[in-house]
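Topology and contacts: notes
Here is how the chains run, residue by residue.
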Amino acid sequence: MLGAFLQGVLRQRVIILVASVALLMAGLNALQGLRIDAYPEISPVQVKVIVKAPGLAPQELEARVTRKIEVELLGIPQQAALRSVVKYGITDITVNFTDSTDIYWARQQVSERLAAVWPQLPDGVSGGIAPMSTPLGELLMMTLDGPQSLTEKRRILDWQIRPLLRTVPGVADISALGGKVAAYEVAPDPLALARLGMTLADLHQFLSNNNSNDGAGRISSGEESIIITSSGRLLDLEDLRQRVVHWQQGKPVRLADVATVQLSSLTRYGAVTDSGQGETVEALVVALKNADAARVIAGVNQALEVLRPGLPQDLQIRVFYDRSDLIERALTTVSEALWIAVVLVIVLLGLFIGNVRTALVVAVNLPLAALMTFMIMDYFSMSANLMSLGGLAIAIGMLVDGAVVVVENTVTGLQQGGRNLPRLHLIYRSVREVLVPIISGTAIILLVFSPLVTLQGLEGKLFSPVALTIMFAMASSLLLSLTLIPVLTTLFIDADKVHTPTWMLTLQQGYQRSLARVLARPAPLLVALVLALVLALAAFVDSGKTFMPEMDEGDLIVQLEKTPTINLDASIDIDLRVQRALLAACPDIERIVARTGSDDLGMDPMGLNETDMFLQLRPREEWQVADKDALKTQIRTVMSQFPGVNYGFTQPIAMRVSEMISGSRGDVAIKVFGPQLQPLQQLADQIAALVSEVPGAAEVLVPRAGGMHYLQLALDYEQINRFGLSVAAVQQVLRSSLEGIHAGQLIFPERQVPLLIRTPVRYQVEQLLHQLHISSPAGTLPLSAVVSAEEQQGPVLIRREQGQRFAVVNVNVSGVALGDFVAAAQQRVAEQLTLPPGYVLSWGGEFENQQRANTRLALMVPLAIALVLLVLFSTFGRLNESLLILCNIPFALIGGMLALWLSGEYLSVPASVGFIALLGIAVMNGVVLVEHFRQLHSLGYSHLDVVLQGAVRRLRPVLMTASTGAVGLLPLLFASGPGSEIQRPLAVVVIGGLVSSTLLTLYVLPVLYRRLILERQHGQ
């Protein structure tokens, strides 16, 4: 079958050439259409439910809202995790599904369950399913700077900027933060209402019933039809004031007579500050899941340009975070490495082959295989990102292996085939001889990388694109090697002009002499091999273990946590003072934008005591400090001036990845599950104290779940009944005096303004009971007449997972390997902490991913090696030769492990990918040698000549395979842009492993083949 296929290729050379040109055009088109991002889509299939219940304390909200929704959601099929965060007035529930779940099906299931439970929730709650975005969907952050008031800036953002930006393809929503949302405020006078015999409920009903337009239908007028409408909507502030609420002695009593009506703002749950100068307003662009980040950002920027002429001239939109900067820098890093690798590989091919035309025929495989890979990526909706393009960079050196074998064997066949046979027949015979080895070799590479496709969780989403890109590229290279390359050899290769380079002949002579000495006295080499194995094992034990090197995104976030009882104004004041101190002490910080509390969408429901400070840094070439660690040291010095403020460092994407992994922020998340909040907090504090003493604990942060002050008002039911009131009426008065009661909206052509019933007086605790009055049928009375008060301590937030409460300790690790830190921390906690009954400890974060990846690879890599053994056995038909080829694997691991240890890199998932890549190359080198040994042995060569002549003749292809693989990764080894931290361990392992694998393959394998295969066969 393979012979017939090859005959068809050589007979239809024009069709192959035309198809290749078409492939070139289609590949270029696919490249232009690929989605572009810094990372692959690593988010789980996730649905968020955000419910707002203004005025409800966390425990009350948990009991009346969160638990009910959780019970309903826990039964959804294909659910992977259910997490909740409950804070004052808001609960954020996150449902994660298995990766194979369709996102629309998941949202439909959550929507149905939510609709079923919604009637059971308290009146006044709002919210629902959040936009279809992901934790990494925050693409663009900007502030509105100008002399306008915070209310005016917020109006411009909500009603001019946000509606337009939401029309940009790929935008899920625009989250607004900071500023003041305008509202019409009606502050009733309890005495005036009492004189009219009205209550607060009557006022609320009046406002609700007297603010609407309506349609009545149609009426006929002759032959015409006239639409009847009625207008009763409130028009403006003055119209609101003049509305008649009551008639007394024939005179109208207007709303202005019983209440103060004014323009105010909604209660604020957060704020944004800028560089210590004051408050501002921020807009955050949230992208849809699987949206093309680069195109979304370009669309938003284009929409902003369209919008600018309609904005006030003195209003500036200043972007302080743009994901496209990271995308450009990350892709530039890997793209430059890719192009440099291509050039180096082509140069190397020319040096080894010694003929420019022949080298170019082989090099054709590189661009065409890459373009075919882009076509397949586009078909499977894969994005061009740091990981997928990194996989292509890894494969560059291997893409020419099949073409090299085809061309080299063809040249040899033409030179030795004589003049009597047709040239096309000689080429056919030469290519036919190497078809099976080429296919088997490619199958081995595909099998070697298959374990990466089986990885789960975050590591699977990160490294599956690497493996898939390599497999796509290798399959494309195989197809080209069996079709286009044989056709090109018929057209462009002149065997008479192809000669082995002089330097290669000299190298072969030197290698023959050294190999002869080794074959005569193999003992020193075998002793050296054993010592190398021992050193590699020692390096493995001594090397640090971690999940993933931290990628430098170029941005820095300082997270602040203050006392839970702090109010918004005091929190803003601390933020401004910290910003001014940082800008004064750290000249490398250009700007600081800090966001305190929750955003409007509720996607990140922080408390008033929590702040994320985005540090916009100057260009790296202008830095006065050596690196980011030195900058962090400066920041730590500044933060020591603010006692009582906890802080930690993170980056925009790293922060969201940590939250996505474990629902918490940090490299390690230690969770304590249990029923009671106070014991949970105490256990978390004890764990934090123990862990902070473990070397490598850079920041240990325990989110303060407790410490909030509550004024618990106990209602006196007898007194309430005595005065003709109800519990609901008293609670309505309380809410109207503090949070406010929504009574409708004033609708304008370009915007809508909420209408609130709220007292503008900001009561202190001691004033609330005596100065707040309630209207009743018996007249007005102070609040103290129907309630008693007691100050208590309570939670500021409640964290839940799978229906259970938990407390968390977030740890950021620096200076030591993550795995080593976790092992030491677990030992210390186990020795010094005893958990009470009913409480359970769980370790998560990146450490959890590392364990899962190691477990999966420990299972799948041996299985892949067993399948490789099966392919080798089916190729050679002898188990002993197949096992001998697999001996090349430890040869490669020796150099890879020693190189990793010497470079100071940690043993991480990227390093593991490097070891997997080594397996394929090492096995391929072994196949090249053993296959030729078998050919010489079948021709009757002596045992010594079989291994000596066979190894010398195969020196060039072995060196070409190893050197192209190593040179292809050299650019990644020396790259310094974003993403280089992930690629460097992989390059170190492969290059180091190729050095040891090549040397040991060329010397140890001939010795072992002679002793274990040839001599045993002769003895039998």
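Here goes a summary of the coordinates provided. Being a predicted model, the structure only gives us computed values, none of them experimental.

With that settled, the discussion passes to the overall build of the protein. What the protein contains, in helices and strands, is 35 helices and 30 strands. C-alpha extents for the protein along the principal axes are approximately 125 × 85 × 55 Å. Expressed as a percentage of the 1020 residues in the protein, the buried residues total 56%. For the protein, long-range pairs separated by at least 24 residues make up 79% of all intrachain contacts whose partners lie at least 6 apart in sequence.

Another aspect to go through is unusual backbone geometry. The phi torsion at Gln78 lies on the positive side, around 65 degrees, for a residue other than glycine. With respect to the helices, strands and loops of the structure, Gln78 is situated in the loop between helix H3 (58-73) and strand E2 (79-87). Its identity is not glycine, yet Ser275 carries a phi of approximately 55 degrees, on the positive side. When you line up the elements, Ser275 lands in the loop between strand E13 (270-274) and strand E14 (279-287).

To continue, consider the environment of Val809. With respect to the helices and strands, Val809 occurs in strand E29 (residues 804-813). Sequence spacing of Val809 and Pro135 is 674 residues, and the spatial spacing of their C-alpha atoms is 21 Å. Sequence-distant contacts of Val809, defined by excluding residues within four places in its chain, comprise Val668, Ala669, Ile670, Ala684, Ile687, Ala688, Val700, Leu701 and Val702.

Another aspect to go through is the pattern of salt bridges. Two side chains that carry opposite charge are able to pair once their charged atoms sit near each other. All told, the structure shown has 30 salt bridges when counted by the stated rule. By sharing partners, the salt bridges in this structure join Glu62, Arg67, Glu70, Arg800 and Arg805 into a single network.

Below, the discussion takes up helix H12 (residues 356-363). For H12, the set of buried residues is Thr358, Ala359, Val361, Val362 and Ala363. In the core, the buried residues of H12 are packed alongside helix H11 (323-353), helix H13 (365-379), helix H15 (401-416) and helix H18 (484-492).

To continue, consider the nonpolar core. Grouped together as the largest cluster of nonpolar side chains are 232 residues, with contacts concentrated most on Ile161, Phe449 and Phe821. With 18 residues, the single largest contributor to this core is helix H32 (residues 909-938). Excluding residues that lie within four positions of it along the chain, Phe821 makes contacts with Val668, Val691, Val694, Pro695, Gly696, Ala697, Val811, Val813 and Val816. Residues Leu734, Ile741, Leu755 and Leu772 belong to the second largest nonpolar core, which totals 42 residues.

Relative placement of two packed helices is described by the angle separating their axes and the distance separating the axes. Contact geometry for helix H30 (residues 879-886) and helix H31 (residues 888-903): axes closest at 4 Å, N-to-C directions at 5 degrees. Considering the angle they form, H30 stands roughly parallel to H31. Residues Leu884, Ile885 and Leu886 of H30 lie in contact with H31, whose contacting residues are Asn888, Ile889 and Pro890. In terms of residue class, the contact of H30 with H31 is built from five nonpolar, one polar and no charged.

We now examine the packing of helix H7 (residues 200-209) against helix H26 (residues 727-737). Running from amino to carboxyl end, H7 crosses H26 at an angle of 65 degrees, the nearest separation of the two axes being 9 Å. Of the possible angle classes, the one that applies to H7 and H26 is roughly perpendicular. Each of Leu200, Ala201 and His204 in H7 lies in contact with H26, whose residues at this interface are Gln732, Val733 and Ser736. Residue classes in the contact of H7 with H26 are distributed as three nonpolar, three polar and no charged.

Right, let's get into the packing of aromatic side chains. Remark: the centre distance and the inter-plane angle together describe each pair of aromatic rings, the angle taken between the planes. The final tally for this structure, using the stated rule, is nine aromatic pairs. Aromatic side chains Tyr511 and Tyr1003 sit 5.4 Å apart centroid to centroid with 80 degrees between the ring planes, which places their arrangement in the edge-to-face category. Within this pair, whereas Tyr511 is found in helix H19 (residues 502-520), its partner Tyr1003 is found in helix H35 (residues 980-1019), the two being separated by 492 residues in sequence. Overall, Tyr511 belongs to the buried group, its relative accessible area being 5%. Pairing Phe673 with Phe806 gives two aromatic rings, centres 5.4 Å apart and planes at 40 degrees, and the pair type is tilted. With Phe673 in strand E20 (residues 668-673) and Phe806 in strand E29, the pair connects residues that are 133 residues apart, well separated along the chain.

Inspection of the secondary structure assignment puts Leu939 in the loop between H32 and helix H33 (943-953). Taking the C-alpha atoms as reference points, Leu939 and Ala4, separated by 935 residues in sequence, lie 27 Å from one another.

About the criteria used
Residues numbered from 1 in each chain as written. Predicted model: local features only at pLDDT ≥ 70, side-chain atom pairs only at ≥ 80, totals over all residues. Heavy atoms only, no water. Helix = DSSP H or I, 4+ residues; strand = E, 2+ residues; numbered from the N terminus. Buried < 20%, exposed > 50% of the residue type's maximum accessible area, 1.4 Å probe, protein only. Contact = heavy atoms within 4.5 Å. Salt bridge = Lys/Arg side-chain N within 4 Å of Asp/Glu carboxyl O. Core = buried A, V, L, I, M, F, W, Y, C linked by side-chain atoms within 4.5 Å. Axes fitted to C-alpha atoms, helices over the stretch in contact; angles between N-to-C directions. Parallel < 35°, antiparallel > 145°, perpendicular 65-115°, else oblique. Nonpolar A, V, L, I, M, F, W, Y, C, P; charged D, E, K, R; others polar. Phe/Tyr/Trp six-rings, centres within 6.5 Å; stacked < 30°, edge-to-face > 60°.

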